[in-house]
Amino acid sequence: MAYYVGIDLGATNVRSVVADDEGEILGQARDSTPRGPTGIAVTEAVLNVVRRACDEAGIEPNEATAAGIGAIGPLDLAEGAIENPANLPDTIDRIPLTGPVSVLLDTDDVYLHNDTNAGVIGERFHSDRNPDDMVYLTISSGVGAGVCVDGHVISGWDGNAGEVGHMTLDPNGFMTCGCGHDGHWEGYCSGNNIPKYARELHAEDPVETALPVEDPDFSAVDVFEHAGEDEFADHVIHQLGHWNAMGVANIVHAYAPLIIYVGGAVALNNPDLVLNPIREKMGEMVMSNIPEIQLTTLGDEVVVEGALASAMTAGTGDRSRL
Ligand SMILES: [Zn+2]
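Residues numbered from 1 in each chain as written. Predicted model: local features only at pLDDT ≥ 70, side-chain atom pairs only at ≥ 80, totals over all residues. Heavy atoms only, no water.

Asks: Can you walk me through the sheet that holds strand S7 (residues 94-96) in this structure?
Replies: Overall, antiparallel pairing links the three strands, which are arranged S5-S6-S7 in an open sheet. Whereas interior strands pair on both sides, the edge strands pair on one side only; in this sheet they are strand S5 (75-76) and S7. Where strand S6 (residues 81-83) lies against S7, three bridges are found, and the strand directions are antiparallel. Pairing of Glu-83 across the sheet is with Arg-94, part of S7. (Pairing = 2+ DSSP bridges. Helix = DSSP H or I, 4+ residues; strand = E, 2+ residues; numbered from the N terminus.)

So, in structure tokens, the structure goes:
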């Protein structure tokens, strides 16, 4: 019997699953991602959840055949580590992953991906058709994509392919992105930036609204909750749909996917309000084939399932390798 390990290292949680060669999950564990003191503490937390998942599966860690990791970035793929993670405290500069996991599991077959690439690997593995041209798009605290073209999951220099959230959509640069540049997709449409964008729109045109725009706790949830009941909330959602459609049209023109799976909390919690405006605008925005646009079939599990699928298919998500 072969055993495979999937690991999802996020800014909030770290999870691991252990499965057999049919992909059936035998054990799993999760913990909160440590906020320090250093990156080594995060590495230790990863190793710990892997040990616990193996324990629940009734195997020793060194019985595992291979592991896949889907992690927050940025990654140093050559070193198998995370380098200065954007969403963790500054004292965490480097989180070694591939080396320590490889030692624990006593295998060289450890595949490290950023979380969106793990996402597209998971979608590919679980897709009915296993298309060679697909995109996994996440609209969450950030915006990013994992891209598979001609059967290759692309990673690019230092694994930075698919950073579509930092494409410039608005040449006027109304909003500044968390990365410091103006007009980026993520600066308008990520879960963290939607309330900031709504505030800016409201400052430009202070119409009456039920949205608590002055409240420090004002969030994207408030905006979507008021859909259909508040004119200003509908205006914000309409604008978000416009930018999301433009971003997706750019993805279509760059990569020609057959299907785009959309995940991330903003999309998962508001599938119709987020996806329908994108679908409706494809016809007027795209000059080539219009792909299917669907909510991820894997929900919150997409990264850890993708990491597991990577372990089972030598980092590809291609089921024909099983
Ligand atoms: Zn940016």
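Asks: When you look at the nonpolar core in this model, what are you seeing that I'm missing?
Replies: For soluble globular proteins, nonpolar side chains are generally found buried alongside one another. Ranked by internal contacts, the top residues of the largest apolar core, which has 43 residues, are Leu-137, Trp-185, Val-248, Ile-260 and Met-282. The greatest single-element share of this core, amounting to 11 residues, is contributed by helix H7 (residues 231-255). What Trp-185 contacts, discounting residues up to four positions off in sequence, is Leu-137, Val-143, Val-164, Gly-165, Met-167, Leu-169, Trp-243, Asn-244, Gly-247, Val-248 and Ile-251. Val-5, Val-101, Val-110 and Leu-112 belong to the second-largest nonpolar core, a separate cluster that totals 33 residues. (Core = buried A, V, L, I, M, F, W, Y, C linked by side-chain atoms within 4.5 Å. Buried < 20%, exposed > 50% of the residue type's maximum accessible area, 1.4 Å probe, protein only. Contact = heavy atoms within 4.5 Å.)

Asks: Which parts of the structure should I look at to understand the packing of H7 against helix H9 (residues 271-285)?
Replies: In helix packing, the relevant descriptors are the interaxial angle and the interaxial distance, both defined with respect to the helix axes. Contact geometry of H7 with H9 gives a least axis separation of 8 Å together with a crossing angle of 55°. Considered as vectors, H7 and H9 are oriented oblique to each other. Crossing hand, H7 versus H9: right-handed. The segment H7 lies against H9, with Ile-237, His-238, Gly-241, His-242, Asn-244, Ala-245, Met-246, Val-248, Ala-249, Val-252 and His-253 engaging Leu-273, Val-274, Pro-277, Ile-278, Lys-281, Met-282 and Met-285. The class makeup of the residues in the contact of H7 with H9 is 12 nonpolar, five polar and one charged. (Axes fitted to C-alpha atoms, helices over the stretch in contact; angles between N-to-C directions. Parallel < 35°, antiparallel > 145°, perpendicular 65-115°, else oblique. Left-handed = near helix turned anticlockwise from the far one by under 90°. Nonpolar A, V, L, I, M, F, W, Y, C, P; charged D, E, K, R; others polar.)

Asks: Sorry, what's going on with the coordination of the zinc ion here?
Replies: Note on metal geometry: ideal angles are 109.5 degrees for four donors arranged tetrahedrally and 90 or 180 degrees for six donors arranged octahedrally. Taken together, the protein donors to the zinc ion comprise His-166 (ND1), Cys-177 (SG), Cys-179 (SG) and His-184 (ND1), at separations of 2.0 to 2.3 Å. In this structure, the zinc ion is surrounded by four donor atoms whose angles at the metal cover 98 to 121°, and the resulting shape is tetrahedral. For the zinc ion, the donor residues sit on a single chain with the sequence spacing H-x10-C-x1-C-x4-H. In this pair, His-166 sits in the loop between strand S11 (152-153) and helix H4 (186-189) while Cys-177 sits in the loop between S11 and H4, placing the two residues 11 residues apart along the sequence. Overall, the relative accessible area of 4% leaves Cys-177 in the buried class. (Donors = N, O, S within 2.8 Å, 3.2 Å for Na, K, Ca; no water. Tetrahedral: all angles 85-135°; square planar, octahedral: opposite > 155°, others 65-115°.)

Asks: Which parts of the structure should I look at to understand the sheet that holds strand S1 (residues 3-9)?
Replies: Taken together, five strands build an open sheet; the order of strands is S3-S2-S1-S4-S8 and the sheet is mixed. With one partner strand each, in any of the chains shown, strand S3 (25-32) and strand S8 (110-114) form the two edges of the open sheet. Across the sheet, the mean angle from the axis of one strand to that of its neighbour is 15°, orientation sign disregarded. Taken together, the seven bridges between S1 and strand S2 (residues 13-20) define a ladder with antiparallel strand orientation. For Ile-7, the partnering residue across the bridge sits in S2 and is Ser-16.

Asks: Just checking my understanding: could you explain the packing of aromatic side chains for this structure?
Replies: To describe a pair of aromatic rings, you give the distance between the ring centres and the angle between the ring planes. This model, assessed by the stated rule, comprises three aromatic pairs. Here Phe-174 and Tyr-197 contribute two aromatic rings whose centre-to-centre distance is 6.1 Å and whose plane-to-plane angle is 75°, an arrangement assigned as edge-to-face. A residue pair is termed long-range when its members are at least 10 positions apart, and Phe-174 in the loop between S11 and H4 and Tyr-197 in helix H5 (residues 194-204) qualify at 23 residues. Judged by its relative accessible area of 30%, Phe-174 falls in the partly exposed class. Taken together, a centroid distance of 4.9 Å and an interplanar angle of 50° make the contact between Tyr-188 and Trp-243 tilted. Taken together, the positions of Tyr-188 in helix H4 and Trp-243 in helix H7 put the pair 55 residues apart, joining distant regions of the chain. Under the relative-accessibility criterion, Trp-243 is labelled buried at 10%. Aromatic rings pair up to connect Phe-174, Tyr-188, Tyr-197 and Trp-243 into one cluster. (Phe/Tyr/Trp six-rings, centres within 6.5 Å; stacked < 30°, edge-to-face > 60°.)

Asks: Just to check I follow, could you spell out the pattern of salt bridges for this structure?
Replies: Pairs can form between side chains of opposite charge whenever their charged atoms are close. Considering all chains together, one arrives at five salt bridges under this definition. Here Arg-124 makes a salt bridge to Asp-132, at a shortest N to O gap of 3.0 Å. In this structure Arg-124 comes out as buried when scored by relative accessible area, which is 2%. A salt bridge links Glu-292 to Arg-129, with the nearest nitrogen and oxygen atoms 3.7 Å apart. Here Glu-292 is found in strand S13 (residues 292-295), whereas its partner Arg-129 is found in the loop between helix H3 (115-126) and strand S9 (134-139), with 163 residues between them in sequence. Accessibility expressed as a relative area gives 36% for Glu-292, which makes it partly exposed. Take Arg-129: its relative accessible area is 51%, and that puts it in the exposed class. (Salt bridge = Lys/Arg side-chain N within 4 Å of Asp/Glu carboxyl O.)

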